[in-house]
Amino acid sequence: MKKLSIQTRLVLFHTAAMTLVVALVLGLLFSLSSQEILTSAQATLEERVSQGVEEVEYTQGRLEFDSELLSLENGVYLSVYQPGDSSMLYGRLPYGFAYTLPLSDGELRTVTAGGTEYSVLDLQFPVEGYGTLVMRGVVSLTAAERDFRATLRLALVLLPLLVALTALCGYLFSRRALRPVAQITQTVQNIQQERDLSKRVRLGEGRDEIYTLAQTFDSLLDQVEASFRREKQFTSDVAHELRTPLSVALMQCEELLAREDMPPEARKQVEVIRRKVDAMAGMVSQLLLLSRADQGREKLALEELDLSELSELVAQEFAELAGEKGIALAADIQPGVSGMYKAITGDQTLLLRLWGNLLQNAVTYGKEGGHIWMKLSAGEGVATLQVRDDGVGIAPDQLPKIWERFYQVDPARSGESSGLGLSMVRWIVQAHGGTIQAESALGEGSTFTARLPLGGPEGK
């Protein structure tokens, strides 16, 4: 049941409830049918007999009977008798009914004749100028019960139609009632897909629980958006403010290292400081770039590039770096991409950083005597950049987290890594209108594959 939508559950509940109510009513009617039929028929009989008494008069020395006595109103037969001899003076009786049934004033009797059950009422009444007569009323209980049960059977036949109609009405009502919920869900999905916290549900004015939920949700989004805006601004401000002192520290280290009279021990210490400051400056630079990207202030310097040539330069640079760790770098770069296809339009600095971050990540988490495979290929309007290694790999539960800022799979092996490299890679790929995916197995290595449109982020 929990796997069904709320709308489906509401429709099922409404349909089941209505069906149960109708079934209970029909069952109650069936169980009370005999008593109800008898009571209803007897009440009708008494009323009709009382009316028939008024339709008999004695004028000019003779009895006169209204022709209404012969009409079969509400299934009641009326007849007039002379008291004592039970002879019928006027009226009609059901076919097969016992004509000679003794009169019994005021007694309501149930008799059976010819396989049919009847209710009989005799009422003695005076006629002015003549004397006393007896009005007999007869109604068939069997016919009444037959009509009643026919109605119930028709109700049973129509029950499936009633259930279907109830389900349809329940669906329409629940769909209308839950329409605001669908709007809230759609808004949340749009926020997730577009990463746009400025979107709001905006259901308008309303007093029910759903409208209150929507207003609460919009209020929460206002607070979240304001919080993210403050965080982005804080990150940008901090990164910007750190650039100047780091630049000064780096310059001072360079000046100290340029002195020839510096003792060897001091030179080593300054070298360590310079490396740390340089690494921190790189981290601040990446953080500032990501912060500007979050705020939509980072613009790409787009130009037509020869991606093959660019990739060859990166491969040569990192082949030496990987060799220092005993890792062999093999580059499979498709030549002449710009000659066979339209040259890729992109930001050269960012694309160099894309290759560099992926390869640096492979070197950092590679193993001595291991391998790195770098591949560039193009086809069907897409350039595919791939870096594969046989290093330590990434556990399945950690793989979705690698794109988060400052996240490190193995901090002990990360060295001077800031944990911003893959976050930067993903942003660069998305900024160029591409996609990236990672595949890995613990202890077997990782593969990162980026796909960029050859025409650039705007398909030009």
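Above this text you will find the structure in question.
Reading guide: rules and limits
- Chains are numbered independently. Their residues run from 1 in the order of the written sequence.
- Given that this is a predicted model, residues contribute local features only at a pLDDT of at least 70 and side-chain atom pairs are listed and counted only at 80 or more, while totals for whole chains, interfaces and linings are drawn from all residues.
- Each side-chain value is worked out from all heavy atoms of the structure, with water and hydrogens disregarded.
- Comment: elements are numbered from the N terminus, with helices defined as DSSP H or I runs of at least four residues and strands as E runs of at least two.
- Three labels apply to residues, based on accessible area from a 1.4 Å probe with only protein chains included: buried if under 20% of the type maximum, exposed if over 50%, partly exposed otherwise in between.
- In what follows, residue pairs with any heavy atoms lying within 4.5 Å of each other are defined as contacts.
- Here the accessible surface of atoms and residues is derived via Shrake-Rupley with a 1.4 Å probe, and residues count as covered only by protein chains that are part of the display.
- Here a polar contact is recorded for every N or O atom pair within 3.5 Å, except that within protein the pair must consist of a potential hydrogen donor and a potential acceptor, and residues adjacent in sequence are included only if both atoms are side-chain atoms.
- Among the buried residues, those of types Ala, Val, Leu, Ile, Met, Phe, Trp, Tyr and Cys that are joined through side-chain atoms within 4.5 Å form a nonpolar core.
- Criterion for a salt bridge: a side-chain nitrogen of Lys or Arg within 4 Å of a carboxyl oxygen of Asp or Glu.
- Pairing between strands is defined by DSSP: at least two bridges between the two strands are required.
- Here an angle of 0 to 180 degrees is reported between the N-to-C directions of two axes, which are lines fitted to C-alpha atoms, with helices fitted over the stretch in contact.
- In this analysis, a patch consists of residues with relative accessible area above 30% that form no salt bridge, clustered at 9 Å for like charges and at 5 Å for the nonpolar side chains Val, Leu, Ile, Met, Phe, Trp and Tyr.
- The positive count covers Lys and Arg only, the negative count covers Asp and Glu only, and His and the chain ends enter neither.
- Here the site of a charge means atom NZ of a Lys, CZ of an Arg, CG of an Asp or CD of a Glu.

Caption draft 1: Spatial organisation of the overall build of the protein. Per the secondary structure count, the protein includes 10 helices and 14 strands. Residue burial in the protein is summarised as follows: out of 460 residues, 35% are buried. By sequence separation, contacts in the protein at least 24 residues apart represent 62% of the contacts at least 6 residues apart. Counting only carbon and sulfur atoms, one obtains 54% of the accessible surface of the protein, whose full area is about 26,900 Å².

Caption draft 2: Structural context of the side chain of Arg136. Secondary-structure assignment places Arg136 in strand β7 (residues 131-140). Look at Arg136 and you get buried, because its relative accessible area is 0%. Within the structure, the side chain of Arg136 is placed 3.0 Å from the backbone oxygen of Pro102, a separation counted as a polar contact. Side-chain polar atoms of Arg136 contact the side chain of Asp122, separated by 2.7 Å.

Caption draft 3: Expanded view of the nonpolar core. In terms of nonpolar packing, the biggest core is built from 40 residues, with Leu354, Leu359, Ile372, Met374 and Leu385 touching the most fellow members. Secondary-structure elements contributing two or more residues to this core are α6 (307-324), β9 (328-333), α8 (348-364), β11 (371-379), β12 (382-389), α10 (421-431), β13 (435-441) and β14 (445-453). The biggest single contributor to this core is α8, with 8 residues. Here Met374 is in contact with Ser311, Val314, Ala315, Leu329, Ala330, Ala331, Asp332, Ile333, Trp355, Leu359 and Gln386, once residues within four sequence places are set aside. Grouped together as the second largest cluster of nonpolar side chains are 17 residues, Ala41, Leu63, Leu121 and Leu133 included.

Caption draft 4: Structural context of the pattern of salt bridges. This structure, assessed with the given rule, holds 7 salt bridges. Across the pair Arg259 and Asp261 runs a salt bridge, and its minimum N-O distance is 3.1 Å. Using a relative accessible area of 43% as the deciding quantity, one classes Arg259 as partly exposed. Arg274 is the partner of Glu271 in a salt bridge, and the nearest nitrogen-oxygen pair spans 3.4 Å.

Caption draft 5: Quick peek at the sheet that holds β9. The strand order across the open sheet built from 5 strands is β9-β11-β12-β14-β13, with neighbouring strands paired in mixed fashion. Among the strands making up the open sheet, the edge pair consists of β9 and β13. Looking at each pair of strands side by side, their axes are set apart by 10° on average, direction ignored. Relative to β12, β11 is paired through 8 bridges, and the arrangement is antiparallel. Paired with Met374 across the strands is Val387, a residue of β12. The strands touched by α8 within the sheet are β9, β11, β12 and β14, with β12 carrying the most contacts at an inclination of about 20°.

Caption draft 6: Representation of a negative patch on the surface in the model. Residues Glu57, Glu64, Asp66 and Glu68 make up a contiguous surface patch of negative charge. If you trace the backbone, Glu68 turns up in the loop between β2 (62-65) and β3 (76-82). Judged by relative accessible area, Glu68 falls into the partly exposed class, the value being 39%.

Caption draft 7: Geometry of the pairing of strand β4 (residues 87-91). Both β3 and β4 contribute to a ladder of 4 bridges, which runs antiparallel. Within β4, the position partnered with Ser79 by the bridge is Gly91. Taking the residues between adjacent antiparallel strands as the criterion, β3 and β4 are bridged by 4 residues, where Gly84 takes a positive phi near 95°.

Caption draft 8: Molecular detail of the sheet that holds β3. What the 5 strands build is an open sheet, ordered β4-β3-β7-β6-β5; its pairing is antiparallel. The sheet is open, and its two edges are formed by β4 and β5 (108-113), each paired on a single side. On average, each strand axis in the sheet is tilted by 35° relative to the strand beside it, whichever way the strands run.

Caption draft 9: A look at the pairing of strand β1 (residues 56-59). Here 4 bridges tie β1 to β2, and the two strands are oriented antiparallel to one another. What sits directly across from Thr59, in β2, is Arg62. Hairpin geometry of β1 and β2 is characterised by an intervening segment of 2 residues between the two adjacent antiparallel strands and by a positive phi of about 50° at Gln60.

Caption draft 10: Spatial organisation of the environment of Ile372. Tracing the chain through its elements places Ile372 in strand β11. When the C-alpha positions of Ile372 and Val387 are compared, they lie 7.1 Å apart, and in sequence the two are 15 residues distant. Excluding anything up to four places from it in sequence, Ile372 contacts Ile327, Ala328, Leu329, Ala330, Leu359, Ala362, Val363, Val387, Arg388 and Asp389.

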